[in-house]
Amino acid sequence: MSNPFTSKQPEGPLAEKWSQHKFNMKLVNPANKRKYDVIVVGTGLAGASAAASMAELGYNVKAFCFQDSPRRAHSIAAQGGINAAKNYQNDGDSVFRLFYDTIKGGDYRSREANVYRLAEVSVNIIDQCVAQGVPFAREYGGLLDNRSFGGAQVSRTFYAKGQTGQQLLLGAYSALSRQVANGKVKLYTRTEMLDLVMVDGKARGIVTRNLITGEIESHSAHAVVLASGGYGNVFYLSTNAMGSNATAAWRAHRRGAYFANPCYTQIHPTCIPVSGDHQSKLTLMSESLRNDGRVWVPKSQEDAEAIRKGEKKATDIAEDARDYYLERRYPAFGNLVPRDVASRNAKYVCDEGRGVAPSGLAVYLDFADAIKRDGQKTIEGKYGNLFAMYEKITGENPYEVPMKIFPAVHYTMGGLWVDYNLMTNIEGLYATGESNFSDHGANRLGASALMQGLADGYFVIPYTIGNYLATMPYDKVSTDHEAFKTAEGEVKERIQKLLSIKGKRTVESLHKELGKVVWDYCGMSRNAEGLEMALGKVKELREEFWSNINVLGGENELNMELEKAMRVADFLELAELMMVDARNRDESCGGHFREEHATEEGEAKRDDENFAYVAAWEWNGVGNAPTLHKENLEFENVKLTQRSYK
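Residues numbered from 1 in each chain as written. Predicted model: local features only at pLDDT ≥ 70, side-chain atom pairs only at ≥ 80, totals over all residues. Heavy atoms only, no water.

Core analysis: the largest hydrophobic core is formed by 183 residues, its most contacted members being Ile82 and Leu469. Not counting residues within four places of it along the chain, the set of residues in contact with Ile82 comprises Ile125, Ile126, Phe136, Arg156, Thr157, Phe158, Thr164, Leu168, Ala447, Leu450, Met451 and Leu454. Among the nonpolar cores identified, the runner-up in size contains 10 residues, and Ile317, Tyr324, Ala362 and Tyr364 belong to it. (Core = buried A, V, L, I, M, F, W, Y, C linked by side-chain atoms within 4.5 Å. Buried < 20%, exposed > 50% of the residue type's maximum accessible area, 1.4 Å probe, protein only. Contact = heavy atoms within 4.5 Å.)

Rendered as structure tokens:
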């Protein structure tokens, strides 16, 4: 395996690194590209764009998704927009400013070269998507419109109403479908990756399960690209689709791929609050709503309590009795502070007893001023589908009463460690989009997930994978190879073990219990004592799972309970690593808020001397302490300062 400390960042000035690197990379002759096979796991924005781009170049691609269609990938749920440094508003944006905002937003815990490249190619993404027919919002004169998002003082977010992810995914899906029709992409739906196969230290294929028939199959290739999303569902309740899981990345981790910064999870401040124990997922309300909505709670606990008891309504609270706490604390950014800052502040006011839902866990997002200023028609044009979704779920009309929102798990900045080429420490294994750790540091700015997924798929991986394949012989590895047979055997053995336990607990009940432990002790804030206690609880839950789980049905059939059991088994191992990482990182930064390390004003307090590194963890088996590898982060172009959004 390659040295994990070698991030392979090119030398030279920041603005020239990517151009120079592209020139220095080895190329594959167009006639030779058809001799190489590439596997892409996941068909969301990162996967569909990568598969389509590589097939267009001439490689033979196999694309896998566990849904019945790539159109169901969770990228479809993204609402608010995609960032790009086009400076259409002429308000002072630039590639460097997008780079700087992203580095600062991530609390100086990401790699400069990767983030600059992301900002640099962002401008190409918009052109690509417009050419594909993505219906971005436009201004009166026909130019693409932009809106503001958290952590930036410029308008650089391109959007399609409140359904940007869906429109971008349809663009990538159409590009992918073209290649499926051309025979360059073989698409495997309802197929889940359960293991990575390595031959001579290189990733050479995967083992999958057909979710309809239960058949275990092997697929061989010259390189494997994981684009399988994040691990937010370890918390049970999150804004992720219920099928979203960490299995593909986690099985690669068990085969030796380092898992980086697992404790960096993002809590989104703008979600519909939990309504009861019956819920199995949460719903996001786009950050774009904070452009026009004002966040507030009553100034007094008495008013808040009256609202919780149903004795008062939001409209009964006089203007001077309201606390617009984000505008008060952060006058320069107001309601558009980054997500980690907005989430923590919502927690603070609710901890003070000023929350406005029966549970005490909600704040208001109020559009009364915007409707009065711009008219309801204008607000409908910008956010109509989001308002309709909110009313359908809560029964309240947000044109007439304020929305109630509260933070919820949304995105994971941690993921498989990758170098500048997006290759993990396993040769031939790449990770893109949310499944890698690379671009967002300890907190992702809103509208940057779509940017990263498409940057990786359309503009980075097609170059860097060619550089690797140019050194590879054309020889294919047969799936009859011993490495494939061994991996298949281990997958089957794990399935049979799960089915044979025949205990008393359902998978769902254990997942729910695990999620509560992770949320309580490794969620919006963490401390050493809580993490220690939670580690013990997670180990107990894992023992309970493997001794008392009851998975109904058989292996050679459609069995969603078995699918869920395998994913929760992985979450139980991942949860432990998250807590080990959170305990080890004895500082606060971005979404990782250690209560022992806060400024007097309650902001995250970093320790740059001891923790300016990427924590890349190596698997040593279930129950064994993982090995920590540190990739030191060097900052040549930005100055490390205490983040301020005031």
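With that settled, consider helix 3 (residues 45-57). Between the first and last C-alpha of helix 3 there are 18 Å, a value that for 13 residues agrees with the 18 Å anticipated at 1.5 Å per step. Here helix 3 lies mainly inside the structure; 11 of its 13 residues are buried. If you check which residues of helix 3 are buried, you get Leu45, Ala46, Gly47, Ala48, Ser49, Ala50, Ala51, Ala52, Ser53, Met54 and Ala55. Looking at the buried residues of helix 3, the elements they touch are strand 1 (37-41), strand 2 (60-64), helix 6 (164-182), strand 5 (185-188), strand 9 (223-226) and helix 13 (449-469). Gly58, located one to two residues past helix 3, shows a positive phi value of around 120°. (Helix = DSSP H or I, 4+ residues; strand = E, 2+ residues; numbered from the N terminus. Expected span 1.5 Å × (residues − 1).)

A full pass over the atoms with the stated rule returns 24 aromatic pairs. Ring centres 5.6 Å apart and planes at 80° place the aromatic pair Tyr88 and Phe158 in the edge-to-face group. Of the two residues, Tyr88 sits in the loop between strand 3 (82-83) and helix 4 (95-105) while Phe158 sits in strand 4 (residues 157-158), which places them 70 residues apart along the sequence. Arranged with centres 4.8 Å apart and planes meeting at 85°, the rings of Phe333 and Tyr645 form a pair that is edge-to-face. Highlighted residues: Phe333 in the loop between helix 9 (325-329) and helix 10 (339-351) and Tyr645 in the segment after strand 19 (627-632), separated in sequence by 312 residues. Each member of the pair, Phe333 as well as Tyr645, carries the same accessibility label: buried. Aromatic rings pair up to connect Tyr231, Trp250, Phe259 and Trp619 into one cluster. Looking at Lys104, its charged tip hangs above the ring of Tyr645, at a distance of 4.4 Å from the centre. Looking at Arg567, its charged tip hangs above the ring of Phe66, at a distance of 4.9 Å from the centre. (Phe/Tyr/Trp six-rings, centres within 6.5 Å; stacked < 30°, edge-to-face > 60°. Lys NZ or Arg CZ within 6 Å of the ring centre and 35° of its normal.)

Tracing the backbone through its elements, the reader meets Thr164 in helix 6. Given a relative accessible area of 1%, Thr164 falls into the buried group. Reaching out from Thr164, the side chain makes a polar contact with the backbone nitrogen of Gly81 at a distance of 3.5 Å. When neighbours within four sequence positions are excluded, Thr164 is seen to be in contact with Ala78, Gln79, Gly80, Gly81, Ile82, Phe136, Phe158, Tyr159 and Leu450. (Polar contact = N/O pair within 3.5 Å; in protein donor to acceptor, adjacent residues only side chain to side chain.)

Here the protein is described as being made up of domain 1 (14-27 + 38-264 + 413-469), domain 2 (268-410) and domain 3 (497-609). For domain 1 versus domain 2, the distance between C-alpha centres works out to 31 Å. Approximately 2400 Å² of surface area, both sides summed, lies buried where domain 1 meets domain 2, with 54% of it carried by carbon and sulfur atoms. For domain 1, the biggest contributors to the area lost against domain 2 are Gln79, Leu237 and Thr239; these three give 26% of the whole. Our count for the contact surface shared by domain 1 and domain 2 stands at 0 salt bridges. Between the two partners, domain 1 and domain 2, sit 14 residue pairs in polar contact (both at pLDDT 80 or more). Of the residues assigned to the side of domain 1 that touches domain 2, the class counts are 9 nonpolar, 14 polar and 3 charged. (Domains from an automatic or database assignment. Buried area = accessible area lost by both parts, 1.4 Å probe. Salt bridge = Lys/Arg side-chain N within 4 Å of Asp/Glu carboxyl O. Nonpolar A, V, L, I, M, F, W, Y, C, P; charged D, E, K, R; others polar.)

A separate point is the sheet that holds strand 2. Pairing is parallel in the open sheet, where 5 strands are placed in the order 5-2-1-9-17. The strands lining the two open edges of the sheet, one partner per strand, are strand 5 and strand 17 (429-431). Sheet twist, expressed as the mean angle between neighbouring strand axes with direction ignored, is 20°. The pairing of strand 1 with strand 9 spans 4 bridges and is classified as parallel. The residue bridging Ile39 from the neighbouring strand is Val224, located in strand 9. Sheet strands in contact with helix 13 are strand 1, strand 9 and strand 17, and its direction is about 155° off that of strand 9. (Pairing = 2+ DSSP bridges. Axes fitted to C-alpha atoms, helices over the stretch in contact; angles between N-to-C directions.)

For Arg190, which is not glycine, the phi torsion reads 50° and is therefore positive. Inspection of the secondary structure assignment puts Arg190 in the loop between strand 5 and strand 6 (191-199). Look at Tyr236: it is not a glycine, yet its phi comes out positive at around 65°. Note on placement: Tyr236 falls in the loop between strand 9 and helix 7 (247-254). Tyr236 gets classed as buried once you look at its relative accessible area, which sits at 8%.

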